[in-house]
Amino acid sequence: MNTNLETNTDPQSHTDMEPNTGNARTTLKARGRALLDRIKHEEDGAETAEYAIVIMAAVALAGVLVMVVQSDAVASIIEDLVVSAFQS
């Protein structure tokens with residue numbers, strides 16, 4: 001990898017620094033890497049948002065389960081199971 005850098009004074013250029021190779025292929029690779037880096041950084045925080053959505057869904061499910069377990073019908077079934085377990 002060539003590390004020689006030269007300041008680019010061309011106003012048409014998209015970058016301030018370009019490799020001093022004169023090779024269009026190298027410049028294209030550098031621009032491709034820069035584009036991939038930009039895309040990667042645009043997705044920063046996406047995982048955090050996904051975790052937040054999963055946690056919110058888990059809390060909602062837990063709330064529904066608490067309501068179901070506290071209902072009279074389910075409480076009666078659980079009580080019958082516990083009583084029958086201790087009578088055996």
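Our subject is the structure listed above.
Let us look at the structure shown here.

Basis of the calculations
- Residues numbered from 1 in each chain as written.
- Predicted model: local features only at pLDDT ≥ 70, side-chain atom pairs only at ≥ 80, totals over all residues.
- Heavy atoms only, no water.
- Helix = DSSP H or I, 4+ residues; strand = E, 2+ residues; numbered from the N terminus.
- Buried < 20%, exposed > 50% of the residue type's maximum accessible area, 1.4 Å probe, protein only.
- Areas by Shrake-Rupley, 256 points an atom, 1.4 Å probe, with all protein chains shown as cover.
- Expected span 1.5 Å × (residues − 1).
- Patch = residues over 30% accessible without salt bridge, like charges linked within 9 Å, V, L, I, M, F, W, Y side chains within 5 Å.
- Salt bridge = Lys/Arg side-chain N within 4 Å of Asp/Glu carboxyl O.

Right, let's talk about the overall build of the chain for a bit. Counting secondary structure elements, the chain contains 3 helices and 2 strands. Along its sequence from the N terminus, the chain presents helices and strands in the succession β-β-α-α-α. Residues classed as buried in the chain amount to 3% of the 88 residues present. As presented, the chain carries roughly 8000 Å² of accessible surface, and 61% of it is formed by carbon and sulfur atoms.

If you check helix 3 (residues 72–87), its first and last C-alpha atoms are 22 Å apart, about what 16 residues at 1.5 Å a residue would give, namely 22 Å. Among the 16 residues of helix 3, 0 are classified as buried, and the element is accordingly described as predominantly exposed.

With that out of the way, let us pick up a nonpolar patch on the surface. A cluster of nonpolar side chains, contributed by Val 69, Ile 78, Val 82 and Phe 86, occupies part of the molecular surface with about 400 Å² of accessible area. In terms of residue count, the dominant contributor to the nonpolar patch is helix 3 (3 residues). Note that Phe 86 resides in helix 3.

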